[in-house]
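Observations on chain architecture
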Amino acid sequence: MRIDIISCVPNLLDSFFAHSILKRAQQGGFVEVVIHDIRDYAVNKHRTIDDYAFGGGAGMVLQVEPIARCIRALTSERSYDEVIYLTPDGEQMQQKMVNQLSLLGNIIMLCGHYKGVDQRVRDMFVTKEVSIGDYVLSGGELAAAVLSDAIIRLLPGVLNDETSALTDSFQDNLLAPPVYTRPADFEGNKVPEILLSGHEAKIEDWRHEQSLLRTKSRRPDLLQ
Ligand code: 6GU
C-alpha cells in the first residue's frame, strides 16, 4: 500500500510516522507513506496557498490551484483508489471503514486547515470525506495520522502476532476483555484464577464473557 498525505504543515506528520509500528511497517516494505507540502505546488513566487473567502466571513480558505497541481502530479504517476479529504463534516470513521480502506492499493489523504479547502477541490478531486469524530481539530493532520495508523496496523505482516488485530475492540462489535501480566498478585490484587489454569477453551469462554459484560456496561449501543 502507498499513502500520500497532502498538507500545509507537513512537519506535523513527520515524527508520527518515524517511530514504532509505523516506522517498522515502512522499513518492512508493507506501506510507503509520502508526505507532500502544498506550498511546493503554489502558483506564485510568494508560495501563497490560501486566500480570503469570496462573500466574506472569517477565516482563510485553501486555494484550489496548488492542491489541484499536487493531486495531478500524483495521479500522473500512478492511479489511486481513493482521494480522501479529512474534514469534520465527513463520514465518521469506524473500524468497518478502516477494514475496507486497508484492502486498497494507493490512497491520497488531503488535510484541511483554516476554514477548509475551496469547494471545487472537493467537487473535482475528492472521492471520500472522513471525520474522526464530533469535535473540531485545528487541522486535518491529526485525523490523517489517526486514519493512517488504524489502516497500517491491519496490513498483513505489520503486527508481530497476526491474530492480534482480530482480537481488537470493535472488530466483532465487542470491546476487548481485560488483560493481565506478571506478577499474578500485586498488593493483594490477584489475576483471575482462570487465566492461570492453562485451560484454553475455558479461558476463551471467560474472555468472551468479559467482552460481553464490558460492552453491555460501557457501550450498549454496540450490541444493538
Ligand atoms: Cl478530519 N479535521 C478536523 N479539522 N477536525 C476534525 C476532523 C477532521 N475530524 C474530527 N474533527
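Residues numbered from 1 in each chain as written. Predicted model: local features only at pLDDT ≥ 70, side-chain atom pairs only at ≥ 80, totals over all residues. Heavy atoms only, no water.

**Concerning a negative patch on the surface**
Residues E200, E204, D205 and E209 make up a contiguous surface patch of negative charge. Its location among the elements puts D205 in helix 7 (residues 200-218). Judged by its relative accessible area of 53%, D205 is exposed. (Patch = residues over 30% accessible without salt bridge, like charges linked within 9 Å, V, L, I, M, F, W, Y side chains within 5 Å. Areas by Shrake-Rupley, 256 points an atom, 1.4 Å probe, with all protein chains shown as cover. Salt bridge = Lys/Arg side-chain N within 4 Å of Asp/Glu carboxyl O. Lys, Arg positive; Asp, Glu negative; His and termini not counted. Charge placed at Lys NZ, Arg CZ, Asp CG, Glu CD. Helix = DSSP H or I, 4+ residues; strand = E, 2+ residues; numbered from the N terminus. Buried < 20%, exposed > 50% of the residue type's maximum accessible area, 1.4 Å probe, protein only.)

**Quick look at the site of the ligand**
If you check the shell around the ligand, you find L86, T87, P88, V130, S131, I132, G133, Y135, V136, L137, G139 and A143 and nothing else. Between a nitrogen atom of the ligand and a main-chain N or O atom of G139, the distance comes to 3.5 Å. Calculation on the ligand without its partners gives an accessible area of 290 Å², and the protein chains cover 96% of this total. Residue assignment for the shell around the ligand shows that the elements contributing at least two residues are strand 5 (82-92) and strand 7 (128-131). If one sorts the elements of the shell around the ligand by residue count, strand 5 sits on top with 3 residues. When its residues are assigned to classes, the shell around the ligand shows 8 nonpolar, 4 polar and no charged. (Near = heavy atom within 4 Å. Polar contact = N/O pair within 3.5 Å; in protein donor to acceptor, adjacent residues only side chain to side chain. Nonpolar A, V, L, I, M, F, W, Y, C, P; charged D, E, K, R; others polar.)

**Comments concerning helix 7**
Here helix 7 spans 27 Å end to end across 19 residues, near enough to the 27 Å set by a 1.5 Å rise per residue. Inspection of helix 7 places I203, W206, Q210, S211 and T215 among the buried residues, and these make up the whole buried set. For helix 7, the arc enclosing every buried residue in end-on projection is 165 degrees, short of the 170-degree limit, so these residues lie on one face. Helix 7 presents D205 and K216 as exposed residues on the side facing more than 90 degrees away from its buried surface. (Expected span 1.5 Å × (residues − 1). Arc of directions from axis to C-beta.)

**Quick word on the sheet that holds strand 1 (residues 2-7)**
Pairing within the open sheet is parallel, and its 5 strands lie in the order 2-1-6-5-7. Strand pairing shows two members of the sheet lacking a second neighbour, strand 2 (32-37) and strand 7, which therefore form its edges. Each neighbouring strand pair of the sheet contributes to a mean axis angle of 30 degrees, computed without reference to strand direction. Sheet topology places strand 1 next to strand 2; 6 bridges connect them, and they run parallel. Across the sheet, I3 pairs through a bridge with V33, a residue of strand 2. Taken strand by strand, helix 6 (residues 141-152) contacts strand 1, strand 2, strand 5, strand 6 (106-111) and strand 7, and its axis lies near 155 degrees from that of strand 6. (Pairing = 2+ DSSP bridges. Axes fitted to C-alpha atoms, helices over the stretch in contact; angles between N-to-C directions. Contact = heavy atoms within 4.5 Å.)

**A few points about the packing of aromatic side chains**
By the definition in use, this model includes 1 aromatic pair. Ring geometry for F16 versus F17: centroids 5.2 Å apart, planes at 90 degrees, classification edge-to-face. Of the residues examined, F16 reaches a relative accessible area of 32% and is grouped as partly exposed. (Phe/Tyr/Trp six-rings, centres within 6.5 Å; stacked < 30°, edge-to-face > 60°.)

Note that all results are geometric; they support no functional claim without further evidence.
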